[in-house]
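Chain and residue survey
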Amino acid sequence: MAVGILEVNLISGKNLKRSDFLGKIDPYVEIQYKGQTRKSSVAKDGGRNPTWNDKLRWRAEFPGSGADYKLIVKVMDHDTFSTDDYIGEATVHVKELLEMGVEKGTAEIRPTKYNVVDSDLSFVGELLIGVSYSLLQDRAMDGEVFGGWKHSQFD
């Protein structure tokens, strides 16, 4: 099993559907990967066309447990005085990216547009997202000598 860093470059959104009839939206994104959630900053000035340029990272194993090698990207509208509103979500499949990263040491999906759909599967905007995966170099696993002692792993 290989261990690496999965990094999402959340760049921007376009034509995101307004969840409030009054005022503008303050969108942010929650990204889930295998039960771990990361949250972007809130784009206060972008309205329906936000720019984040946030980088979010996960420790990712491949092959790991389960077969759900995908990022669930939920777009939310931040509300100060009530619960945040769900705008929609996109899915980014990363199995092939992880396979290539394990084989070559690093792999990348260049910034790509992903459709955002609501719970009725209606189109509610798009996101521009790039994803990369890089293997971690775990020097302790190489059986190297540290200070005269050989470090090894026991099963």
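Being a predicted model, the structure only gives us computed values, none of them experimental.

Once that is clear, we can look at the overall build of the protein chain. Helix and strand content of the protein chain: one helix and ten strands. For the protein chain, the N- to C-terminal ordering of α and β elements is β-β-β-β-β-β-α-β-β-β-β. Scored against the burial criterion, the 155 residues of the protein chain give a buried share of 35%. Here the protein chain displays about 9500 Å² of accessible surface, and carbon together with sulfur accounts for 50% of that area.

This paragraph deals with the pairing of strand β8 (residues 123-135). Pairing analysis gives ten bridges linking strand β1 (residues 2-14) to β8, with the strands arranged antiparallel. When the sheet's bridge partners are listed, N9 is paired in β8 with G130. Across ten bridges, strand β7 (residues 106-117) lies against β8 in antiparallel orientation. In the strand pairing of β8, V117 is matched with F123. Where β7 hands over to β8, the hairpin turn is made up of five residues, of which L121 adopts a positive phi near 65 degrees.

Across soluble globular proteins, nonpolar side chains show a tendency to be buried alongside one another. In terms of nonpolar packing, the biggest core is built from 32 residues, with L6, Y33, L71, V73, V94, I129 and V131 touching the most fellow members. Of all the elements in the fold, those that place two or more residues in this core are β1, β2 (27-33), β4 (51-62), β5 (70-77), β6 (85-93), α1 (95-104), β7 and β8. Once residues within four sequence positions are removed from consideration, V131 is found in contact with L6, E7, V8, L71, V92, V94, L97, A107, E108 and I109.

Taken as a whole and assessed by the stated rule, the structure comprises seven salt bridges. Among the salt bridges present, the one from K17 reaches D118, with a minimum N-O distance of 3.8 Å. One end of the pair, K17, is in the loop between β1 and β2; the other, D118, is in the loop between β7 and β8, with 101 residues separating them in the sequence. Classification of D118 as buried rests on a relative accessible area of 12%. Here E108 makes a salt bridge to R110, at a shortest N to O gap of 3.9 Å.

Moving on, we come to the pairing of β4. Residues W52, D54, L56, W58, A60 and F62 line the buried face of β4, whereas the alternating positions T51, N53, K55, R57, R59 and E61 sit on a face that is not buried. Two elements, β1 and β4, share ten bridges in a ladder whose sense is antiparallel. Of the residues in β4, the one forming a bridge with L6 is W58.

Here V102 shows up in helix α1. Excluding residues within four positions of it along the chain, V102 makes contact with A2, F62, Y133 and L135.

Next up on the list: the packing of aromatic side chains. The final tally for this structure, using the stated rule, is one aromatic pair. The positively charged end of K34 is found above the aromatic ring belonging to Y69, 4.3 Å away from the centroid. Its guanidinium or amino end placed over the ring of Y28, K39 lies 4.7 Å from that ring's centre, counting from NZ or CZ.

Atom-level detail of predicted coordinates should not be read off regions where pLDDT is low. Looking at the protein chain as a whole, its pLDDT mean stands at 87, while 85% of the residues score no less than 70. Considering each helix and strand of the protein chain separately, the mean pLDDT is smallest for strand β9 (residues 145-146), with a value of 43, and largest for β7, with 98. A low-confidence stretch, residues 139-155 (pLDDT under 50), is modelled with twelve contacts involving residues beyond four sequence positions or located in other chains.

Cut-off values and rules
Residues numbered from 1 in each chain as written. Predicted model: local features only at pLDDT ≥ 70, side-chain atom pairs only at ≥ 80, totals over all residues. Heavy atoms only, no water. Helix = DSSP H or I, 4+ residues; strand = E, 2+ residues; numbered from the N terminus. Buried < 20%, exposed > 50% of the residue type's maximum accessible area, 1.4 Å probe, protein only. Areas by Shrake-Rupley, 256 points an atom, 1.4 Å probe, with all protein chains shown as cover. Pairing = 2+ DSSP bridges. Core = buried A, V, L, I, M, F, W, Y, C linked by side-chain atoms within 4.5 Å. Contact = heavy atoms within 4.5 Å. Salt bridge = Lys/Arg side-chain N within 4 Å of Asp/Glu carboxyl O. Phe/Tyr/Trp six-rings, centres within 6.5 Å; stacked < 30°, edge-to-face > 60°. Lys NZ or Arg CZ within 6 Å of the ring centre and 35° of its normal. pLDDT = per-residue confidence, 0-100.

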